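Take a look at the letters that make up each chain.
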Amino acid sequence: MCGIVGYIGFRDAFPILIKGLKRLEYRGYDSAGIALNNGNIKVYKCKGKVSDLESFIGNDDISGHVGMGHTRWATHGVPNDINAHPHKSQNGHFTLIHNGIIENYAELRKKLSNRGYSFKSETDSEVLANLIEYIYLKGNVTPEIAIRLALTKVEGAYGLVIMANKQPDTLFAARKGSPLVIGVGEDEYFLASDATPIVEYTKSVIYLNDNDVAIIKKDELVLKNIKNDTLTPKVQKLDLDIGQIDKNGFDHFMIKEIYEQPKAISDTFRGRVSATHDITLGGLYDILPKLENARRILIIGCGTSWHAGMVGEYLIEELARIPVEVEYASEFRYRKPVIYKDDIVIAISQSGETADTLAAIKMAKEAGTTVLGICNVVGSSIPRETDGGVYTHAGPEIGVASTKAFTAQVTVLTMIAILLGKRRGSIDNYLYKELIDGLISLPNKIEEVLKHNNVIKEISSHIKDAPNCLYLGRGYLFPVALEGALKLKEISYIHAEGYPAAEMKHGPIALIDEKMPVVVIATKDSSYEKIVSNIQEVKARKGVVLAIVTQGDTVIKNMADYVIEIPEIPEQLAALLTVIPLQLLSYHIAIMRGCNVDQPRNLAKSVTVE
Ligand code: M6R
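So, here's what we can say about the structure. (Residues numbered from 1 in each chain as written. Predicted model: local features only at pLDDT ≥ 70, side-chain atom pairs only at ≥ 80, totals over all residues. Heavy atoms only, no water.)

1. Considerations on the nonpolar core
What counts here: As used here, the term nonpolar core means buried Ala, Val, Leu, Ile, Met, Phe, Trp, Tyr and Cys residues forming a set that is joined through side-chain atoms within 4.5 Å. We call a residue buried when its accessible area falls under 20% of the maximum for its residue type, exposed when it is over 50%, and partly exposed in between, using a 1.4 Å probe and counting protein chains only. Elements are defined by DSSP. Helices are runs of H or I of four residues or more, strands are runs of E of two residues or more, and each kind is numbered from the N terminus. As used throughout, domain bounds are those supplied by an automatic or database domain assignment. In what follows, residue pairs with any heavy atoms lying within 4.5 Å of each other are defined as contacts.
Membership of the largest hydrophobic core comes to 91 residues, with the highest contact counts inside it found for L291, I297 and Y471. For this core, the element with the most residues is helix α18 (residues 574-592), which contributes twelve residues. Taken domain by domain, the makeup of this core includes at least three residues from each of domain 2 (247-447) and domain 3 (451-598). Leaving out residues up to four positions away in the same chain, L291 has contacts with L284, I297, I322, I344, L372, I416 and L420.

Given below as structure tokens:
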């Protein structure tokens, strides 16, 4: 999604903006631009990468201590130089960058056209720039008033940074629905859509809330809402280190994040699972009685987070015996689901900013339900919108393909399920202890799986040219099949599908021939015999089988074309281990196919628009 960076202070703005835009590249974008104010606002923008923008600027005079930059992920209008941000208003009084969507832009555009405005771009953002200018000129008001009044007239979402040419010592920022963080320095302020461009300069940050408007000079910040009430900014400490957002010697963020999983999982359960086998989840403390007596748990999320939710469904139903339904947030928000007041909704999101998940949360809250969040990004919108929850503490995930976020989310769901099972008396002490010991053993077991990287790379070379790929799993391993297929398609562009292994004979079996790789997750669990039969069915039709098996398995080894062994683990925890080779497989295949694994085409890291 679009990225925003801004600076006002004593340093040269340009290097801060360019570096910031590079830090935001992971979010996904198709064009980039900056505006610098040196008494006179200069705008540079073009389609392509931040490096293209640098070449485009060349040796121009880029001095100035006030500036803003933007990476655009097209919504209204194709990716091109004109639609790239920043956008200037018709008479040049305002220049802005915008994340989000102005939903009533067509109507506003028409009204402004009738009043003599013409538009250079196809964007909703230029409409907003002109609306602010129209109010400014017509009402003869200050830039701040014009901005606030204009924002009362727009419907939709925005994270905005605005420059007014008559007020060169000020940046204006506003938020509704699209995140914006202000970094607070000594005589300087930084702005960004997430903290990654800010962290190397300051750890003091202010997260803007919906309807906030900040009026920022280098040595002063005034915070208001759009109704002009003055607010007290809440300065928080950023829990992020610069080392966490660098590749640290890895070729890509994705592979770095795959290798970080032992630590990410330890960080997720650190302080929450004790050596005496107690589970403490502080963010759920007040809600636990309600949660354990819930009529039903509804889990919502998108993409990988939805897959984690599915593992959560299996865990909570088995261990805590509470009915669970898992739903795509995008479906939940638009159909008319039955929501009871004594349901509990759990929203899962790495970024904490996914627009569909946020909208589904809003809907659940309107129905009077308690909503919990499982999120990775501290201070993001979902944790602030929910009644409680658990941070995954997996550290920043920069690769667009979610890896450590998934295992951290499943770790949290596992802790919740075990805790609820204990409180409801639905798991016996033996299983309780086995699962906690299993969780504690996970980081070491993941390290063991990572040692198979070269074997997995070798296997990848046999699969990389396949046009299609099928992933099969049963029980806890069915969501892993879905996740494996998603990883492959999003970064290598190979069409892949995940299926419950038993469903294969109801359709997908027709696809199988000697050209079809079938990845079967077939570790020793209660469905083992059944999945062995499924592998036989595939082999009988000449399919190429790659099986993920438990160490020491000889039966499947004799049937499959390739096997990857993983250490023994209770089946309730197997998703956390079996997903690792699938992440590595898609990584290597994508690299072999020459794909950009960290920034796959058309994809954004966090989807903050519908
Ligand atoms: O930030 P979220 O977890 O809410 O994001 C949800 C999905 O957009 C995300 O998981 C997406 O599917 C990833 N690209 C998967 O790797």
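2. Some remarks on the site of the ligand
Stated formally: What makes a residue near a molecule or strand is one non-hydrogen atom of that residue sitting within 4 Å of it. Pairing of N or O atoms within 3.5 Å defines a polar contact, subject to two protein rules: one partner must be a possible hydrogen donor and the other a possible acceptor, and residues neighboring in sequence count only if both atoms are side-chain atoms. In this description, accessible areas are obtained by the Shrake-Rupley approach with a 1.4 Å probe, and a residue is regarded as covered only by the protein chains that are shown. When residues are sorted by character, Ala, Val, Leu, Ile, Met, Phe, Trp, Tyr, Cys and Pro go into the nonpolar class, Asp, Glu, Lys and Arg into the charged class, and all the rest, Gly among them, into the polar class.
The immediate surroundings of the ligand are formed by 14 residues, with S305, S349, S351, T354 and E490 found nearest. T304 is positioned with one of its backbone polar atoms (N or O) 3.0 Å from an oxygen atom of the ligand. At a separation of 2.6 Å, an oxygen atom of the ligand approaches a polar side-chain atom of S305. Against a free-state accessible area of 410 Å², the protein chains account for coverage of 92% of the ligand. For the shell around the ligand, the secondary structure elements donating two or more residues are α9 (303-320) and α16 (477-492). Residues that form the shell around the ligand fall into these classes: four nonpolar, eight polar and two charged.

3. Side note on the pattern of salt bridges
Charged atoms that come close allow side chains of opposite charge to pair. Note the cut-off: Salt bridge criterion: a side-chain nitrogen from Lys or Arg within 4 Å of a carboxyl oxygen from Asp or Glu.
Throughout the structure, instances matching the rule amount to 28 salt bridges. Where D437 meets K433, a salt bridge forms, and the shortest distance between an N and an O atom there is 3.1 Å. In this pair, D437 and K433 both sit in helix α14 (residues 429-450), four residues apart, roughly one turn of the helix. Taking relative accessible area as the criterion, D437 reaches 32% and is therefore assigned partly exposed. Overlapping salt bridges, with partners in common, bring together K19, R23, E200 and D246 in one network.

4. Remarks on the sheet that holds strand β21 (residues 468-473)
Here is the rule: Two strands are said to pair when DSSP picks up at least two bridges between them. Between N-to-C directions, angles span 0 to 180 degrees; the directions come from axes that are lines fitted to C-alpha atoms, helices contributing only their stretch in contact.
On the basis of which strands lie adjacent, the open sheet formed by five strands has the order β22-β21-β23-β24-β25 and parallel pairing. Both outer strands of the open sheet, β22 (495-500) and β25 (562-566), are each paired with one neighbouring strand and no more. Averaged over all neighbouring strand pairs, the angle between strand axes comes to 15°, with direction disregarded. As defined by bridge partners, β21 adjoins β22 across six bridges and the pair is classed as parallel. Counted as the bridge partner of C469 is A496 from β22. Across the sheet, α16 touches β21, β22 and β23 (517-521), and the angle it forms with β22 is around 175°.

5. Some points on the sheet that holds strand β11 (residues 204-207)
Read across the sheet, eight strands follow the order β3-β2-β4-β1-β10-β9-β11-β15 without closing on themselves; strand pairing throughout is antiparallel. Across the chains shown, the open sheet's two edge strands, defined by having one partner strand only, are β3 (41-47) and β15 (236-237). Pairing between strand β9 (residues 181-184) and strand β10 (residues 189-192): four bridges, direction antiparallel. Counterpart to V181 in the pairing with β10 is A192. Contacts from helix α2 (residues 50-57) reach β2 (31-37), β3 and β4 (66-72), with the element oriented near 130° to β3.

6. Focus: the side chain of N376
Looking at the element boundaries, N376 is found in the loop between β19 (370-375) and α12 (381-385). With residues near it in sequence (within four places) discarded, N376 still touches S349, Q350, Y391, T392, H393, A394, G395 and E397.

7. Some remarks on the environment of K422
Relative to the elements of secondary structure, K422 occurs in helix α13 (residues 404-424). Sequence spacing of K422 and D124 is 298 residues, and the spatial spacing of their C-alpha atoms is 52 Å. In this view, K422 contacts D278, I427 and Y432; residues no more than four positions away in its chain are not counted.

8. Let's talk about the packing of aromatic side chains
Heads up, the condition is: Aromatic pairs are defined between Phe, Tyr and Trp rings, using the six-membered ring for Trp, whenever the two ring centres lie within 6.5 Å; interplanar angles under 30 degrees are classed as stacked, those over 60 as edge-to-face, and all others as tilted. Criterion for a charge above a ring: Lys NZ or Arg CZ within 6 Å of the ring centre, and within 35 degrees of the ring normal.
Tallying each qualifying case throughout the model produces seven aromatic pairs. Seen from their ring centres, Y7 and F190 are 5.1 Å apart, and the 50° between their planes marks the pair as tilted. You can see Y7 sitting in strand β1 (residues 3-8) and its partner F190 sitting in strand β10, a full 183 residues away along the chain. Ring plane angle 15° and centroid distance 4.0 Å describe the contact between W306 and Y328, whose orientation is recorded as stacked. Remark: Y328 occurs in strand β17 (residues 324-328) and W306 occurs in helix α9; sequence separation between them is 22 residues. Through a chain of ring-to-ring contacts, the aromatic side chains of Y7, F190 and Y201 assemble into a single cluster. Stacked on the ring of Y528, the Lys or Arg K524 has its end atom at 5.3 Å from the ring centre. The ring of Y493 has R601 sitting right over it, with the charged end atom 3.8 Å from the ring centre.

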